[in-house]
Amino acid sequence: MKTRNIISLLSVLLLSISVLQAQDAIDKYFEKYADNPEFTSIIVSSKMFELFANVQVDSPENSDFKDAIKGLKGIKILAYDQSESPNIQLTDFKSAIKKIGPEYEVLMSIDDKDEKVRFYILESGDIIKELFMVVGGNGNLFLMSLVGDIDLEKMSSLSKKMNIGGMNYLENLDEKGKTK
Amino acid sequence: MDSNRLKLLEKRYWAGESSLDEEHELKEAVRNDADGVSFELVSLFQEIAQNKDQILDADFDSDFWQKANNEKGKGGARIFTLSLFMRYAAVGIILFGITFALWNIVLKDEPVEAIAQTEMTTGDTYNDPQVAFEETKRALLFASEKLNKGKEPIKEIKRFYNAKVSIAGMQTDSMNTKKKTK
């Protein structure tokens with residue numbers, strides 16, 4: 001009985017270690033490219049997410065959004081636009097998705113003429129702890145890691161509820177979040 | 001029977017030198033209350049005769065194990081066997097391995113200054129929560145739109161399936177109506 005307890009305890013410990021190791025798929029890219037001026041990097045930490053509670057909401061849409069992001073603990077974004085530096089081939093979609101560990105499960109895959117999108121998830125039990133998104137095409141590469149307790153239903157309903165377009169996000173990203 | 005012979009036989013019996021025939025002779029003498037046999041020998045033979053027919057009943061095993069288990073908890077020196085040592089050693093090695101792995105994950109061989117620097121470089125991009133809120137909103141909307149884009153083909157398949165089911169239902173209804181009119 002004692003041995004069985006020890007084995008269960010060790011299994012839990014080993015599982016926690018593997019989860020710790022697996023956290024933040026984007027970290028690998030951040031280590032490599034965050035200081036590269038060709039890349040745009042954005043980090044919104046868990047502390048900042050806590051401060052969102054104090055943000056004044058002036059519309060019901062923002063109130064819905066506030067509700068949707070409950071449970072989220074951070075966002076990391078890394079992106080680059082090849083058209084801005086055509087002579088430098090930093091990395092592409094194919095090599096980006098090769099670096100994703102086996103602990104991540106493919107949630108969705110979209111292959112368009114101009115764009116490829118992959119959604120990966122990292123689960124702990126039945127809860128999605130990380131949503132990792134890779135968008136590539138037309139010389140763009142966009143990586144986003146969303147960490148926390150993620151509700152995909154709430155996520156997908158966001159764009160239906162809110163009229164603000166998110167599709168032009170990549171176009172505006174360069175001016176807003178360029179790394180210095 | 002000769003009492004002197006019986007005394008001699010008894011002497012040999014107590015000394016453990018008597019043969020089976022001699023013991024048999026002694027038992028016969030005890031059974032017949034012969035003179036020359038000591039009281040001790042009579043008592044012993046009577047007791048043996050009484051206990052001879054005793055058998056273990058069905059409850060013996062359960063009684064025994066109950067008593068044995070009760071005795072177990074009373075303490076006493078635990079024998080440190082090799083298998084016990086191996087068990088402790090295995091647990092020790094595993095705990096050491098876990099500690100080593102955790103140490104590597106947390107520190108990754110970096111000095112404290114390097115960690116502090118990493119903390120700084122991986123800090124927030126925005127200082128203003130309002131700006132960070134707006135940026136997060138745009139990023140999540142982008143992800144949300146892509147998620148919905150990926151869901152579109154699934155919706156189409158679902159719509160096609162529903163249409164197929166309703167057409168199949170209509171066909172069955174019309175066949176039933178035809179049968180009734182005939």
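Residues numbered from 1 in each chain as written. Chains lettered and ligands numbered in written order. Predicted model: local features only at pLDDT ≥ 70, side-chain atom pairs only at ≥ 80, totals over all residues. Heavy atoms only, no water.

As recorded by an unreviewed UniProt entry, chain A carries the name DUF4252 domain-containing protein and is attributed to Cryomorpha ignava.

1. Considering the confidence of the model for chain A
Where we set the bar: By definition, pLDDT measures how confident the predictor is in each residue, and it falls between 0 and 100. A contact between two residues is defined here by any heavy atoms of the two lying within 4.5 Å.
Per-residue pLDDT for chain A averages 77, and the proportion of residues at 70 or more is 71%. Note that pLDDT drops below 50 for residues 176-180 of chain A; the model gives that stretch 18 contacts with residues more than four away or on any other chain.

2. Observations regarding helix α2 (residues 20-31) of chain B
Residues and elements named next belong to chain B. Filter applied, for reference: Counting from the N terminus, the helices are the DSSP runs of H or I reaching at least four residues and the strands are the DSSP runs of E reaching at least two. Expected helix span is given by 1.5 Å per residue-to-residue step, counting one fewer step than there are residues. Using a 1.4 Å probe on the protein chains alone, a residue whose accessible area is under 20% of its type maximum counts as buried, one over 50% counts as exposed, and one in between counts as partly exposed. In this description, the arc belongs to the directions extending from the helix axis to the C-beta atoms.
A rise of 1.5 Å per residue sets the reference length of α2, with its 12 residues, at 16 Å; its end C-alpha atoms lie 16 Å apart and thus fit the reference within 8%. Inspection of α2 places E22, L26, A29 and V30 among the buried residues, and these make up the whole buried set. Considered in projection along α2, the buried side chains sweep an arc of 100° and stay on one side of the axis. Turned more than 90 degrees off the buried face of α2, the exposed positions are L20, D21 and R31. Each element contacted by the buried residues of α2 is listed here: α1 (3-14) and α3 (39-52).

3. Some words on the packing of aromatic side chains
For any pair of aromatic rings, the description consists of the separation of the ring centres together with the inter-plane angle of the planes. Heads up, the rule is: Only centres within 6.5 Å qualify two rings of Phe, Tyr or Trp (six-membered ring in Trp) as a pair; their planes then separate them into stacked at under 30 degrees, edge-to-face at over 60, and tilted for everything else.
Tallied over the full model, the rule gives 11 aromatic pairs over all chains. Their ring planes at 80° and their centres at 5.3 Å tell us that F65(A) and F133(B) sit as a pair that is edge-to-face. On the criterion of chain membership, the pair formed by F65(A) in helix α4 (residues 60-68) and F133(B) in helix α7 (residues 129-181) is interchain, its members lying in two chains. When its relative accessible area of 0% is taken as the criterion, F133(B) is described as buried. Taking the centre distance of 6.5 Å and the plane angle of 20° together, the rings of F60(B) and F64(B) count as stacked. With F60(B) and F64(B) both in helix α4 (residues 59-72) and 4 residues apart, this pair spans about one turn of that helix. The exposure class of F64(B) is partly exposed, given its relative accessible area of 43%. Here a set of aromatic residues connected by ring pairs shows up, and it is made of F49(A), F52(A), F65(A) and F133(B).

4. Quick look at the pairing of strand β2 (residues 72-81) of chain A
All names here are of chain A. Here is the rule: When DSSP finds at least two bridges between two strands, those strands are taken to pair.
Along β2, 9 of the 10 residues are buried, which leaves the element largely enclosed by surrounding structure. Across 5 bridges, strand β1 (residues 40-44) lies against β2 in antiparallel orientation. Residue pairing for β2: S41 is matched across the bridge by L78. Where β2 meets strand β6 (residues 140-150), 9 bridges bridge the pair, whose relative direction is antiparallel. Among the inter-strand pairings, G74 is bridged to a residue of β6, identified as V147.

5. Looking at unusual backbone geometry
One non-glycine residue, D33(B), lies in positive phi territory at about 55°. Structurally, D33(B) is set in the loop between α2 and α3.

6. A word on the environment of I69(A)
Structurally, I69(A) is set in the loop between α4 and β2. Along the backbone, I69(A) and M155(A) are 86 residues apart, and their C-alpha atoms lie at a distance of 8.4 Å. Discounting chain neighbours no more than four positions away, the residues touching I69(A) are F49(A), F52(A), F133(B) and L140(B).

7. So, the nonpolar core
Put simply, the rule is: The term nonpolar core refers to a set of buried residues drawn from Ala, Val, Leu, Ile, Met, Phe, Trp, Tyr and Cys, joined through side-chain atoms within 4.5 Å.
F52(A), M144(A) and L140(B) are the most contacted members of the largest nonpolar core, which has 37 residues in total. In terms of residue count, α7(B) provides more of this core than any other element does, 8 residues in total. Apart from residues no more than four positions distant in its own chain, L140(B) is found in contact with F65(A), I69(A), L72(A), I75(A), M144(A), L146(A), M155(A) and L158(A). Listed in part, the 19 residues of the second largest apolar core include F39(A), L78(A), A96(A) and Y104(A).

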